[in-house]
Amino acid sequence: MRDRNSKINYLKLSGFQVFSDETYIPLSKITYIFGPNSSGKSSIYDALNLVQEIFYPTLDSENTFDDFRTMDWWELVSPHWRIQNLQRTKKMSLEIGSECNIDFGKINDYEKSNKIFSIGAEETNKPESIISMKVDFIALERLSDIDTITMDKIFTYSVNGTEIIKMIENVGVQINTTHPSLNFELNNYCNVNELTDIFTKKEVWLESGWLTIKFPLAFHRNRKIVWQLFEESYSRDLEKLKKLSKVIHLIDEIVFAIKYATRFGIDAVNASRSIPTADLLTYYIQNNKDNTNINDTVIRPSLPISNDELYNGLAKSVLNSINGHDDGIYSYVNRILSDNLFTDKGYQLTYDYDIIFSKYQFEALHKNIIPDLGATDIIIRMKLVDENGVNHDFANVGSGIGYCFPILVNLARQQAKVLPTPLLTYIQQPELHLHPLLQMQCADIFIEASSKTRMIIETHSEHLILRTLRRIKEASKKNGEKKKLSKDDVSILYFEPQLNGTTSVTRIQISDDGSFLNRWPNGFFDERYGEIFHE
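All values derive from a computational prediction rather than experimental measurement.

Cut-offs applied
- Residues numbered from 1 in each chain as written.
- Predicted model: local features only at pLDDT ≥ 70, side-chain atom pairs only at ≥ 80, totals over all residues.
- Heavy atoms only, no water.
- Phe/Tyr/Trp six-rings, centres within 6.5 Å; stacked < 30°, edge-to-face > 60°.
- Helix = DSSP H or I, 4+ residues; strand = E, 2+ residues; numbered from the N terminus.
- Buried < 20%, exposed > 50% of the residue type's maximum accessible area, 1.4 Å probe, protein only.
- Pairing = 2+ DSSP bridges.
- Axes fitted to C-alpha atoms, helices over the stretch in contact; angles between N-to-C directions.
- Expected span 1.5 Å × (residues − 1).
- Contact = heavy atoms within 4.5 Å.
- pLDDT = per-residue confidence, 0-100.

A.B. asks: Looking at this structure, how should I read the packing of aromatic side chains?
C.D. replies: The description of an aromatic ring pair rests on the distance of the ring centres and on the angle between the ring planes. Under the criterion given, the structure shown has 15 aromatic pairs. Between Tyr45 and Tyr426 the ring centres are 5.1 Å apart and the planes differ by 50°, which places this aromatic pair in the tilted class. Of the two residues, Tyr45 sits in helix H1 (residues 43–55) while Tyr426 sits in strand E20 (residues 423–428), which places them 381 residues apart along the sequence. A relative accessible area of 25% means that Tyr45 is categorised as partly exposed. On the basis of relative accessibility, which here comes to 1%, the residue Tyr426 falls in the buried class. Ring geometry for Tyr56 versus Phe264: centroids 5.7 Å apart, planes at 80°, classification edge-to-face. Of this pair, Tyr56 sits in the loop between H1 and helix H2 (65–70) while Phe264 sits in the loop between helix H8 (238–262) and strand E13 (265–269), and the two are 208 residues apart along the sequence.

In structure tokens form, the structure reads like this:
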């Protein structure tokens, strides 16, 4: 099976926070976001989270149309709707574009296989498709910022630039019967003209290749009960009603396929991260079901036990290491520390642990029977050790490594592929408390990590950029070799506040040899020159 990780290529935002008009946000393997404070850089993180809540709330639900109908949309979108001149804008839109392999298959196989699409099948050599999902929220009443707005919603799903599915409030659900991705004759599956004869033009109609099914008909997906639901309302041929339900099912499965192929998770390390304390790095891992009297989070008042999700994965990786099974997280962190960061100190992550035996395991020890560590409870304490073998808490070795450590653990989890969903990594200000040389070394870490995850980095550090440009230049000189990094792998975006309260986004173009092709916007990267030349 081919890797299903989708590549998020862009966002388009309008009426969203600082973006009034439609603003295009290109995303690459590595995307750097620069700009003054309060320029709206973090709105990209907010937009990605909102996209997740809108398009991926319940992938396992029986009917993807249910989300469209039942979600509390106003509560979800109102915090992000742009307010201008004390009023919300007329419309708020979000669009996300992804590159992925998707094949809807042949509809004629549906009755045999009970599925009408396949994603990333090995037998297909089709090029990857560009999938876009867009939602428009249109205010019917343009009220003040404190009032609830009555609004319409339009969901649009497109493949390779052509719309394929629409869901329009107060209209219905639509399918583009002429879309090239639907590599089958729809009429072989269901006679469209026959459908339009069954229902009135207010219920089902065909216009310019678009088949429209009026809500609430589109909500009834189950082919076994759809005709029962309408039996009292319609004195028509029930066999023909079954054909309508098959089209509804087709639309539902296409939407599900698009969502499934483009799904992603966000693993974020924010600027407010803290230095990990000894308590935060102490974990109780319960494997023995006999120890039911021990609480998962606190064993006794004198021993705080962490349940932090980020470091929980690291603790389990340490346990795997104890048992002789390296899942990659623990070793990745130590490799980065030894090869890239704080090499002069020789820091490595180490641990000690206590084993908690049950009564039966303790009795077995007296009989020289060694219990399996995988079946015992263990308390793991993680800490740093320097090149002289001296153990340290993170709080006692300077703040640089403490603020950097959450980033390393975050990336380690992704490199080890222990997370179930394809990820996008969002890091805010990785340069916090780091020497310029270490900031440049962080850029090398991000370049390596970008082979497994999309990286979006909010930063004020020119050192990250300088090292990235250097790596592009070095790669451009390696003729005939596979390039580690090219100009197309990097997006450098500058967020510039405007006098009207909005923000413009400029992509700084990069040449093949790692140089800027256009002038950097005023107020950034030129401070040091101003200091040197007193300009």
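A.B. asks: What's the story with the sheet that holds strand E21 (residues 454–458) in this structure? I'm lost.
C.D. replies: Strand order across the open sheet formed by six strands is E13-E20-E21-E3-E22-E23, with mixed pairing between neighbours. The sheet is open, and its two borders are formed by E13 and strand E23 (503–507), each paired with just one other strand. Across the sheet, the mean angle from the axis of one strand to that of its neighbour is 20°, orientation sign disregarded. Pairing of E20 with E21 involves five bridges; the strand directions are parallel. Its bridge partner being in E21, Leu424 is matched across the sheet by Arg454.

A.B. asks: Mind showing me how you'd approach the pairing of strand E11 (residues 204–207) here?
C.D. replies: The sheet contact formed by E11 and strand E12 (residues 210–213) spans four bridges and is antiparallel. Looking at the pairing, Leu206 lines up with Leu211 of E12. The antiparallel pairing of E11 with E12 creates a hairpin that spans two residues between the two strands, and Ser208 there sits at a positive phi of about 55°.

A.B. asks: Would you mind showing me how to read the sheet that holds strand E10 (residues 172–176) here?
C.D. replies: Backbone hydrogen bonds hold the strands of a sheet together, and the pairing may be parallel or antiparallel. The sheet built from nine strands is open, its strands ordered E2-E1-E6-E7-E8-E9-E10-E12-E11 with antiparallel pairing. Unpaired on one side and paired on the other, strand E2 (23–26) and E11 mark the two borders of the sheet. Between one strand and the next, the sheet's axes are offset by a mean angle of 15°, whatever the strand orientation. Taken together, the six bridges between strand E8 (residues 151–159) and strand E9 (residues 162–168) define a ladder with antiparallel strand orientation.

A.B. asks: Quick question: what am I supposed to make of helix H9 (residues 309–322) here?
C.D. replies: In an α-helix, one turn spans 3.6 residues; hence positions three or four apart end up facing the same way. For H9, built from 14 residues, the straight-helix expectation of 20 Å at 1.5 Å per residue is met to within 8% by its first-to-last C-alpha distance of 20 Å. Listed in full, the buried residues belonging to H9 are Leu310, Tyr311, Gly313, Leu314, Ala315, Ser317, Val318, Leu319 and Ile322. Buried residues along H9 sit against strand E14 (282–285), helix H10 (329–339), strand E17 (348–356), strand E18 (377–385) and helix H12 (399–415). At the C-terminal side of H9, Gly324 shows a positive phi close to 85°.

A.B. asks: I'm lost on H1 in this one. Help?
C.D. replies: Spanning 13 residues, H1 covers 18 Å between terminal C-alpha atoms, matching the ideal 18 Å at 1.5 Å per step. Turning to H1, its buried residues number three or more, namely Ser43, Ile44, Ala47, Leu48, Leu50, Val51, Gln52, Ile54 and Phe55.

A.B. asks: Would you mind showing me how to read the confidence of the model for the chain here?
C.D. replies: The predicted coordinates of low-pLDDT regions are not to be read in fine detail. Predicted confidence across the chain gives a mean pLDDT of 78, with 73% of residues reaching 70 or more. E2 holds the highest mean pLDDT among the elements of the chain, 96, whereas strand E15 (residues 298–300) holds the lowest, 36. Long-range and interchain partners of residues 220–232, a stretch whose pLDDT sits below 50, account for 25 contacts in this model, where long-range means more than four residues apart. Every residue in residues 530–535 scores below 50 in pLDDT, and together they form two contacts with partners more than four places removed in sequence or on other chains.

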